[in-house]
Protein chains: 2
Amino acid sequence: MLLDKQQAAGRLLELEDALILCHRNPDGDTLGSGFALCRALLALGRRARVFCHDGVPEKFRYMVPEMPEFEPKTVVTVDIADAALFGGRTEEIVQKYGPVSLAIDHHPSHRPFADDLYLEGDSASCCEIIWELMQARKEDWKLDAKIAGCLYTGVATDTGCFKFSNTSPRTHRIAAELIERGADYVTINKVMFDTKTFGELKLEQMALDRLWLSEDGKIAVLTITAEMMREAGVDETMLDAITSLPRKIEGVEVGVTIKQRDETEYKVSVRTGETTSATAICARFGGGGHARAAGCQFEGLSPAAIREKLAAAAREEMGRG
Amino acid sequence: MLLDKQQAAGRLLELEDALILCHRNPDGDTLGSGFALCRALLALGRRARVFCHDGVPEKFRYMVPEMPEFEPKTVVTVDIADAALFGGRTEEIVQKYGPVSLAIDHHPSHRPFADDLYLEGDSASCCEIIWELMQARKEDWKLDAKIAGCLYTGVATDTGCFKFSNTSPRTHRIAAELIERGADYVTINKVMFDTKTFGELKLEQMALDRLWLSEDGKIAVLTITAEMMREAGVDETMLDAITSLPRKIEGVEVGVTIKQRDETEYKVSVRTGETTSATAICARFGGGGHARAAGCQFEGLSPAAIREKLAAAAREEMGRG
């Protein structure tokens, strides 16, 4: 069933021996939500553990606490919009310990898979929701600087550091409170937004040399092949920054990044301006996400063929909001 | 004399026929402060005008209101730390209409030049101060979305979009209030942080090809010559973004950008990590600024010679906080 805020706030406090699941290709919001909740439960003397099909990328490791081993009594998901985003190893876990009893999410495109759901489709991040739910029962939680740092990570990364249109006055007020709680925002922002390895710089240069731009200059497509990533010594977890690059070019309304995941599979990220729906573009290919940032995947097509499909879809969706 | 908050708040409301001066090489904070104050005075039916030695760069034009011509009765400066930052044309104006009766600033390194000064050395931006002073007498001002947008511009740009260590809980709460007042933060952030012309991308590529890195990888120096700027078709007002590039490279503690201004003059921007003072490095060469972002200038030295001086100074200041 759909929970209201008070019910959801209560449910988090009732969690015992909880296994917290994050979505595949994890980002700062799903991991920040998961580890914040995990740390908050551990601080109350409960047992809790976070699991993600793809593990925790190096740059997010600072969020990981010491987690006990135990047989989960409850399975909770954070920031997962669709069971299709579990990933195989998570599916096995859900089969073994499931069903998912509680899902906390902020994706308007959420497709229910859990017994109970708390959804705030207009929240910029899932971390924003976790904070709000904990504040609703603040006397019952023991929130420390590390928990604040996990939540800040999701609040900042899902809003492009407070730049995207999903940023609300509430987002800023929560950031203020998280900083007051000791969130190490300087280090977190430096790692999330202002750190590039030489490999990333090299990859950026290679990708820009091959940038495809539509004749009217409104659609830009960047292609990252596995070979380019090998040459630059960069792995997929380091591609977040480059994904926002095409949209940064002056005049570009739809920025597309095509990333090769293996021989035949390509992952596509779409970023759009205020007048075009990234969700609508990606939905045409079975993908989804947010209004200004969405994604989809392709199997067995060449990057050029994928680019043509995306460009055609972008042309049709452009200006439709 | 040094004013307290209530006195300063009152002084802003008393301004009649005020000429508001911004510092040379204007940034989002000095222009945001100037035009917010100017617009707020115009909204009260007063006459007010903003002047900057170097004019208003294209990307900041959205802040400029219709400004009346008149003989100024009062001269006010915003975000100007030192009379040396006036620029020649502003000096003439101060000689003609001066002295400066009121200076509002947030630079700890402020060197008094005005009859009265209101200084908040720990404020992230001058726009934060202007907002606070207007809120102290909020019933007397008529603040609209345009004014909020001007103030948001300075609040966001001087904190690197809430990333730098000068960002405080107050900064975020003010951003929340400015968004509630209608500040068009999405467009402003897109223009300030997420827009690159092909020229800028080209210049970035050229500069990175010539990046100098110290053996221990802690000091990175980027040099932008007038010829490179000509080749890329980029002017000095478009170099803000590139200035933060060296410090973004993983492991770099001191990032330096040397920009040629004319045949013999070079402008240097220094960005540092938490353990090194950018002010201290630049002070050695007669410059100044903030703890993590400062600048200085050189006359008649080659970029290579300037680089050596900066690298030597950086080595000595590194780790001294």
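None of these values were measured; they are calculated from a predicted model.

(A) Local environment of the overall build of chain A. Within chain A, the secondary structure is distributed over 13 helices and eleven strands. The C-alpha atoms of chain A give a radius of gyration of 19 Å, which matches the 20 Å a tight globule of 321 residues would have. Across its three principal directions, the C-alpha atoms of chain A cover 60 × 40 × 40 Å. Out of the 321 residues belonging to chain A, those deemed buried represent 58%. The long-range fraction of contacts in chain A, counting pairs at least 24 apart against all pairs at least 6 apart in sequence, stands at 66%.

(B) Quick peek at the sheet that holds strand β6 (residues 212-213) of chain A. Residue and element names in this part refer to chain A. One open sheet holds the six strands; their spatial order is β6-β7-β8-β9-β11-β10, and the pairing between them is mixed. In this open sheet, the two strands that pair with only one neighbour each are β6 and β10 (288-289). By the bridge criterion, two bridges tie β6 to strand β7 (residues 219-224) in an arrangement that is antiparallel. When the bridges of β7 are listed, Leu213 appears paired with Ala220.

(C) Examining the pattern of salt bridges more closely. All names here are of chain A. Taken as a whole and assessed by the stated rule, the structure comprises 42 salt bridges over all chains. Residues Lys196 and Glu204 are paired through a salt bridge, measuring 2.8 Å at the closest nitrogen-oxygen approach. For the pair Lys196 and Glu204, one class covers both residues: buried. Each of Lys5, Glu120, Glu128, Glu132 and Arg170 takes part in one network of salt bridges that share partners.

(D) View of empty space enclosed by the protein. Inspection of the entire model under this criterion finds four cavities of 30 Å³ or more. In this structure, the largest cavity spans a volume of roughly 250 Å³. Considering the residues around the largest cavity, the lining is formed by 14 residues, among which Lys190(A), Asp194(A), Phe164(B), Arg247(B) and Thr272(B) are closest to the centre. Put simply, the parts of the chain that give the lining of the largest cavity at least two residues each are α7 (185-193) of chain A together with α11 (245-248) and β9 (265-272) of chain B. Among the residues making up the lining of the largest cavity, the classes are represented as three nonpolar, three polar and eight charged.

(E) Quick peek at the pairing of strand β3 (residues 74-78) of chain A. Residues and elements named next belong to chain A. Burial runs high along β3: five of the five residues are buried. Going residue by residue along β3, you find Thr74, Val76 and Val78 tucked away on one face and Val75 and Thr77 tucked away on the opposite face as well. Relative to β3, strand β1 (residues 18-22) runs parallel, the two sharing four bridges. Across the sheet, the residue bridging to Ala18 is Thr74, located in β3. With respect to chirality, the unit in which β3 leads through helix α3 (residues 88-97) into the neighbouring parallel strand β4 (residues 102-105) is right-handed.

(F) Focus on the relation of the copies chain A and chain B. Of the two same-sequence chains, chain A is brought onto chain B (RMSD 0.0 Å, axial shift 0.0 Å) by a rotation of 180°. Within this description, the copies of the chain are treated as partners about a two-fold rotation axis. Most of the interface of chain A is mirrored in chain B, where 100% of its interface residues are also at the interface.

(G) Structural detail: the layout of surface pockets. All names here are of chain B. Considering only enclosed or pocket space, the second largest pocket measures out at about 180 Å³ in volume. Every residue along the wall of the second largest pocket is listed here: Arg39, Tyr62, Met63, Ala145, Lys146, Gly149, Cys150, Gly182, Asp184, Thr187, Ile188 and Val191. Considering each element in turn, the lining of the second largest pocket owes the most residues, four residues, to helix α5 (residues 145-157). By residue class, the composition of the lining of the second largest pocket is six nonpolar, three polar and three charged.

What counts, and at which threshold
Residues numbered from 1 in each chain as written. Chains lettered and ligands numbered in written order. Predicted model: local features only at pLDDT ≥ 70, side-chain atom pairs only at ≥ 80, totals over all residues. Heavy atoms only, no water. Helix = DSSP H or I, 4+ residues; strand = E, 2+ residues; numbered from the N terminus. Rg over C-alpha atoms; globule rule 2.2 N^0.38 Å. Buried < 20%, exposed > 50% of the residue type's maximum accessible area, 1.4 Å probe, protein only. Contact = heavy atoms within 4.5 Å. Pairing = 2+ DSSP bridges. Salt bridge = Lys/Arg side-chain N within 4 Å of Asp/Glu carboxyl O. 1 Å grid on protein atoms, 1.4 Å probe; cavity = no way out; pocket = protein on both sides within 12 Å on 5 of 7 lines; lining within 4 Å. Points joined across faces, edges and corners; volume = space filled by probe spheres on them. Nonpolar A, V, L, I, M, F, W, Y, C, P; charged D, E, K, R; others polar. Right-handed = clockwise from strand over helix to strand, strands pointing away. Least-squares fit on C-alpha atoms with pLDDT ≥ 70 in both.

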